[in-house]
Amino acid sequence: MNFIQTRGIDPAYPSTVTFSEAILSPIASYGGLYVPENLPNLGLEFLNKHLGSSYKDLAFDLLKKFEIDIDANVILEALDLYDNFDNKNNPVPVVKVKDNLYVSELYHGPTRAFKDMALQPFGRILSSVAQKKNENYLILAATSGDTGPAALETFKNQKNIQMVCIYPANGTSDVQRLQMVTEDAKNLKVIGINGNFDDAQAALKSLLASKSFNDTLKEKNISLSAANSVNFGRIIFQIIYHIHSYLELVRHNAIEMGEKIYINVPSGNFGNILGAFYAKEMGLPVEKLVVSSNKNNILTRFIKTGVYDIKDDELILTTSPAMDILKSSNVERVLFSLYGADRTKELMSDLDNNSKYELTKDELEKLQEIFIADFCDDEEGKHYIKSVFDEGYLMDPHTATCLKAYETVCDPKIKSIVYSTAEWTKFSPVIANALTGEIDTRDLDALSSISREAKVEIPQMIKDLFTKEVTQKTVIEKTDIEKSILNFL
Ligand SMILES: N[C@@H](CCOP(=O)(O)O)C(=O)O
């Protein structure tokens, strides 16, 4: 299958590219993104066929449907990385929390967040394509806390790869930061910036599009790619777990095959729910996609009003930092699917030039046929963490935001899957505070207090972070990112 461009075609670019070309060079004409030319139609036949399949078999068959230009043995090797998750037979358990409410736990990989679901196999595939071409790649990642650790983990010590991860120095949890700054592989560089995630992502996009930066890299015999969800290589793996989660509900006899459900996703850069959007487009029975966010509530406002307006917004630091985002990259891919390339180009250029765009009434209706949304502030989040804990389930603050939308915009008679994007260990102070009222300033104290209260073990890999040497000490102004990357190479 070929890939096309969300903002139409600049004559300087090829009109279509293969999957490997799209992942090696993820930014398309006019700063747009690559999307599949068409989506495979799965239907109930595919779902029925995979009721008894393992996660890896489902994934392999789905990837086959996309006809990507990657050797089958490379795909199989990449999928074998799911064997390192907590349960090699099921990397994504789906757990019942209360009547009609299920949690799909996406955090059982090496860095304890959902990003491992895609970055583990995607990193292996990208590295293998680079090695086969015998080319050197610089992979950039901008992170608000979860992508960074997962990207560093997947690319560390990979041949032909150097990787730079940019994070907001004061915008992640301690555990997220420690996961990054204690990485010591020679091919990795971690850069903290005095700025927020939007600054980090803007720098990444501008470097990907910069001719002079790319030319400088070429002189060093290096090409440039990205590990964020702007890269379709991430998204393709983020479709699979939505289908798997649906099948898990059928397997648990929670739903009949074909029954429609809500898919409720904590959303920031929109990659996770975009995977669900594509799964729905491919035939997964979904009532609505529920977009949950924190006090940085631009996605909720957009879905409720059709106006994406961040002119007067200041990014707020919250207790669900992975969603502290205003310029959400993957909304663009939905705009393209619903309204086409010309309109997407117009809307995205409004956003770039005026920090605002506005849908027409008809366009908004089309969006609202698919998406509903609500946001949850930190205090409400703590309330949900506590009340769900009292019913026997421990969840992180990102997952907790979904509980608000579950109550406010979903029909309780229809089953919901809420996606749990991170393990409790990554955000212990807020969880400890929600459960016990304690205010722990040190993560270690908060981890112990949750461990006591909830009778859960702190995983060794999390404990180890607090004694590991900090090897990545760079913190710079956001204007110095390019210089700092070039110094590293
Ligand atoms: N929430 C992310 C931000 C980057 O998102 P991505 O899905 O585009 O990689 C994070 O935690 O880093």
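For every chain, the first residue of the written sequence is number 1, and numbering continues from 1 along that sequence. It should be noted that, the model being predicted, local features are given only for residues of pLDDT at least 70 and side-chain atom pairs only at 80 or more, the latter also being counted only at that level, while totals for whole chains, interfaces and linings use all residues.

Engineer: Before we go on, may I ask you to explain the nonpolar core in this structure?
Structural biologist: Where a protein is soluble and globular, its nonpolar side chains tend to be buried together. A set of buried Ala, Val, Leu, Ile, Met, Phe, Trp, Tyr and Cys residues, joined to one another through C-beta atoms within 7 Å, is what we call a nonpolar core. Three exposure classes are used, all based on how many other C-beta atoms lie within 10 Å of a residue's own C-beta (placed from the backbone): buried at 20 or more, exposed at 12 or fewer, and partly exposed between those limits. Ranked by size, the top nonpolar core spans 153 residues in total, and within it I139, M163, C165, I166 and V290 carry the most contacts. Here a helix means four or more residues in a row that DSSP labels H or I, a strand means two or more in a row labelled E, and each is numbered from the N terminus. The element best represented in this core is helix α10 (residues 232-251), accounting for 11 residues. If sequence neighbours within four positions are ignored, I139 has contacts with F155, I161, M163, S225, A226 and A227. Contact definition: two residues whose C-beta atoms, as placed from backbone geometry, lie within 7 Å.

Engineer: How should the environment of T401 be read in this particular structure?
Structural biologist: Relative to the helices and strands, T401 resides in helix α17 (residues 397-408). Look past the residues within four positions of T401 in its chain and what remains in contact with it is P266, S292, S293, N294, S320, C376 and G381.

Engineer: Hey, could you run me through the site of the ligand in this one?
Structural biologist: With respect to spatial proximity, 13 residues lie near the ligand, and among them T143, D146, T147, S229 and N269 are the closest. Classifying every residue of the shell around the ligand gives 1 nonpolar, 11 polar and 1 charged. Think of it this way: take the backbone, place a C-beta atom on it, and check whether that atom is within 6 Å of the molecule or strand, in which case the residue is near it. Classification convention: Asp, Glu, Lys, Arg as charged; Ala, Val, Leu, Ile, Met, Phe, Trp, Tyr, Cys, Pro as nonpolar; all other residues, Gly among them, as polar.

Engineer: What am I meant to see in the sheet that holds strand β5 (residues 136-142) here?
Structural biologist: Backbone-to-backbone hydrogen bonds join strands into a sheet, with any given pair of strands oriented parallel or antiparallel. Paired strands, as defined in this entry, are two strands with at least two bridges between them according to DSSP. One open sheet accounts for 5 strands, arranged β8-β5-β6-β7-β15; its pairing is parallel. Edge positions in the open sheet fall to β8 (222-226) and β15 (475-477), since each of these has one partner strand only. Across this sheet, the average inter-strand angle for adjacent strands is 30°, counted without regard to direction. Pairing of β5 with β8 involves 5 bridges; the strand directions are parallel. Opposite Y137, over in β8, you have S223 as the bridge partner. To obtain an axis, a line is fitted to C-alpha atoms, over the contacting stretch when the element is a helix, and the angle between two such axes runs from 0 to 180 degrees between their N-to-C directions. Along the sheet, helix α21 (residues 481-488) contacts β6 (161-168), β7 (188-194) and β15; its crossing angle with β7, the most-contacted strand, is approximately 160°.

Engineer: Explanation requested: the confidence of the model for the chain in the structure shown.
Structural biologist: It should be kept in mind that the predicted coordinates are not to be read in detail where pLDDT is low. Counting all residues, the mean pLDDT for the chain is 96, and 100% of those residues have values of 70 or more. Confidence metrics for the complex model read pTM 0.97 and ipTM 0.99. Summary of the metric used: pLDDT quantifies the predictor's per-residue confidence within the range 0 to 100.

Engineer: Sorry if this is basic, but what is going on with helix α18 (residues 428-436) here?
Structural biologist: Residues spaced three or four apart along an α-helix face the same direction, because each turn holds 3.6 residues. Counting buried positions over the 9 residues of α18 gives 7, a clear majority of the element. Here α18 has its buried residues at S428, P429, V430, I431, A432, A434 and L435. Buried residues belonging to α18 abut α16 (378-390), α17 and α19 (443-454). Positive backbone phi, at 85°, marks G437, one or two positions downstream of α18.

Engineer: Would you mind showing me how to read the packing of helix α6 (residues 147-155) against helix α7 (residues 174-181) here?
Structural biologist: Between two packed helices, the angle of one axis relative to the other and the distance separating the axes together describe the packing. Running from amino to carboxyl end, α6 crosses α7 at an angle of 25°, the nearest separation of the two axes being 9 Å. One element, α6, and the other, α7, form an angle in the roughly parallel class. The chirality of how α6 crosses α7 is left-handed. When α6 is examined against α7, the residues G148, P149 and L152 are found in contact with a partner set consisting of Q176, Q179 and M180. Oblique is the label for every angle not falling under 35 degrees (roughly parallel), over 145 degrees (roughly antiparallel), or within 65 to 115 degrees (roughly perpendicular). Helix crossings are classified by the rotation of the near helix relative to the far one: an anticlockwise turn of less than a right angle makes the crossing left-handed, while a clockwise turn makes it right-handed.

Engineer: I keep staring at the sheet that holds strand β4 (residues 101-105) and nothing clicks. Help me out?
Structural biologist: The 6 strands lie next to each other as β3-β4-β14-β9-β10-β13, forming an open sheet whose pairing is mixed. This sheet does not close on itself; its edge strands, each paired only once, are β3 (94-98) and β13 (371-375). If you compare each strand with its neighbour and ignore which way they point, the axes differ by 25° on average. Most of the contacts of helix α11 (residues 271-281) go to strand β10 (residues 286-293), to which it runs at about 170°, and overall it touches β9 (261-266), β10 and β14 (416-420).

Engineer: For this particular structure, what's the right way to read the UniProt feature "modified residue: N6-(pyridoxal phosphate)lysine" (unreviewed entry) in the chain?
Structural biologist: UniProt positions are given in the numbering used here, feature names are shortened, and annotations may be inferred rather than shown by experiment. Mapped onto the present numbering, the UniProt feature "modified residue: N6-(pyridoxal phosphate)lysine" (unreviewed entry) falls on K115. By the C-beta count within 10 Å, which is 34 here, K115 ends up buried. Ignoring any residue separated from it by four or fewer positions in sequence, one finds K115 in contact with D146, T147 and A150.

Engineer: Where do I start with the UniProt feature "domain: Threonine synthase N-terminal" (unreviewed entry) in the chain in this structure?
Structural biologist: Here, the residues flagged by UniProt with the feature "domain: Threonine synthase N-terminal" (unreviewed entry) are residues 3-72. Along residues 3-72, the helical share is 36% and the strand share 9%, with 19 Å between the first and last C-alpha atoms.

Engineer: Just checking my understanding: could you explain the environment of I414 for this structure?
Structural biologist: Tracing the backbone through its elements, the reader meets I414 in the loop between α17 and β14. Classification of I414 as partly exposed rests on a count of 14 C-beta atoms within 10 Å. Excluding residues within four positions of it along the chain, I414 makes contact with K260, I261, Y262 and E287.

Engineer: Would you mind showing me how to read the packing of helix α3 (residues 55-65) against α10 here?
Structural biologist: Contact geometry for α3 and α10: axes closest at 10 Å, N-to-C directions at 125°. Viewed along their axes, α3 and α10 adopt a mutual orientation that is oblique. The two elements α3 and α10 meet at a crossing, and its hand is right-handed. Where α3 abuts α10, its residues Y55, L58, A59, L62 and L63 lie against I236, I239, I240, I243 and H244. Residues belonging to the contact of α3 with α10 are distributed by class as follows: 9 nonpolar, 1 polar and no charged.

Engineer: Would you mind going over the environment of C165 with me for this structure?
Structural biologist: Along the chain, C165 turns up in strand β6. In this structure, the C-alpha to C-alpha distance between C165 and A227, residues 62 residues apart in sequence, is 9.2 Å. Not counting residues up to four positions away in its chain, the partners in contact with C165 are A141, T143, G148, A151, L152, M180 and V190.

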